[in-house]
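A look at the structure
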Amino acid sequence: MTVHRGRGFAAINYPIGMNLGGDPSQALVHSNPDGKFTVALSAIDLGQGMKSVTRQIAAETLGVPVEDVYVDTADSDTGPHDMGSFASRGTHRMGNAVIRASEEARQVMLEAAAEELEVDAGDLTTDGKGNIHVKGAPSRSITTMAASQAAQFKQGRTIAGRGIFLIPLSEVDPETGEMSPVTTFAHAAMLVTVEVDDETGEVTVTDMQSAYEVGRALNPKLVEQQLRGGAWMGMSHAAWETTEPYYPTRDNRPEDFNTYLMPGPGDLAPHHISILERPAEDGPYGGKGPGEMCANPVLPAVVNAVYDAVGVRIDDLPVTPEKVLRGIRALGGAKPRQAL
């Protein structure tokens, strides 16, 4: 028995959203009497942190503390229309819609404050701490709560905003069919190290090194967590998950999650991550969001690493011990690529 070590590399680019049909997202923002704001969306947070990021985006645009913003992902009956949580579009599409809705609500808030302070709305600014100041005269101010209360109970104003982000359909070349399906791409590269046992066919991922270009990391900790979770998912798809193991019959197939093979925390390899920020021109504050591409480079990198380790090229996933052993036997033994 020999354990062979191999390294595999993969690089990808990933389209953010789509513009077939325009791919619109809408958002509604309104103020409550206590000066706090509610953002209504129909897109769902699947655990990727969308509510946290759109909350940050709304707070930044409104000029209020992030703790004064609540994001309500209602449903498609009661919330504004949205295409959905797919195609890694959440931060980009919904973030832009939230910016537009927040800008409209902010303008009404400033107009209400201006009436109370007897100045022009253009002379006002927010400090991000719940206050609205007269530019050049910070002592003349009003809280966002007081402005909201004045608007609703005294002035008869509704501090609210509507926003939609819609990418126009791409022109299509009538002769070639060429078009631009998306407006921005995210990018990633990954280097994976594996160990392959030539007696059992077992593949162990021992190290991962990656670089992800995500536009601007609006919430760096959430980005890192998503990249680590995505790599875990990619490793699972690459070498573990399947409902059809290679057995003579299906008698040994998994029947539930107790018998369905997935890596546990102890199987996750060390992951060294570099986050590259190249703000997207049409992204909310430059953001794109890593989304589904977190898992994508792991699969080809693992396959390439196995090839480097024992010379076996796997062309269907997952890379199970059975497939590795069949490949080694077909070669007449392990053929590490370093030796060729």
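For the structure itself, consult the block above.
We now turn to the structure provided with this report. Sequence order as written defines the numbering, with residues in each chain counted from 1. For a predicted model such as this one, the threshold for reporting local features is a pLDDT of at least 70, and the threshold for listing and counting side-chain atom pairs is 80 or more; totals across whole chains, interfaces and linings nevertheless cover every residue. As a convention, hydrogens and water are excluded, and side-chain values are obtained from all of the structure's heavy atoms.

Across three bridges, the pairing between strand 5 (residues 124-126) and strand 6 (residues 131-134) is antiparallel. Opposite T125, over in strand 6, you have H133 as the bridge partner. Here the rule is simple: two strands pair whenever DSSP picks up at least two bridges between them. Where helices and strands are cited, they refer to DSSP runs of H or I of at least four residues and of E of at least two residues respectively, numbered from the N terminus. Linkage of strand 5 to strand 6, two consecutive antiparallel strands, is achieved through a turn of four residues, within which G128 is found at a positive phi near 75°. Pairing of strand 6 with strand 7 (residues 137-143) involves four bridges; the strand directions are antiparallel. Directly across from N131, in strand 7, lies its bridge partner T143.

Taking strand neighbours across the sheet as the criterion, the three strands line up as 5-6-7 in an open arrangement whose pairing is antiparallel. In this open sheet, the two edge strands, each paired with only one partner strand, are strand 5 and strand 7. On average, adjacent strands in this sheet sit at an angle of 35° to one another, irrespective of strand direction. In what follows, a contact means two residues having at least one pair of non-hydrogen atoms within 4.5 Å. Angles here are taken between N-to-C directions and fall from 0 to 180 degrees, while the axes themselves are lines fitted to C-alpha atoms, restricted in helices to the stretch in contact. Against the sheet, helix 2 (residues 90-117) contacts strand 5, strand 6 and strand 7, and its axis sits at roughly 125° relative to strand 5. Set on the sheet, helix 3 (residues 144-155) makes contact with strand 6 and strand 7; between it and strand 7 the angle comes to about 55°.

Turning our eyes to something else, we now look at the sheet that holds strand 4 (residues 69-73). Taken in spatial order, the four strands of this open sheet run 4-3-2-8, and their pairing is mixed. One side of each edge strand has no neighbouring strand; the edge strands of this open sheet are strand 4 and strand 8 (160-165). When strand polarity is set aside, the average angle formed by the axes of neighbouring strands in this sheet is 20°. In the sheet, strand 3 (residues 37-41) pairs with strand 4 via five bridges, with the strands oriented parallel. Among the inter-strand pairings, V39 is bridged to a residue of strand 4, identified as V71. Sitting on the sheet, helix 1 (residues 50-62) is in contact with strand 2 (25-31), strand 3 and strand 4, with an inclination near 135° to strand 4. Relative to strand 8, helix 2 is tilted by about 150°, and along the sheet it contacts strand 2, strand 3 and strand 8.

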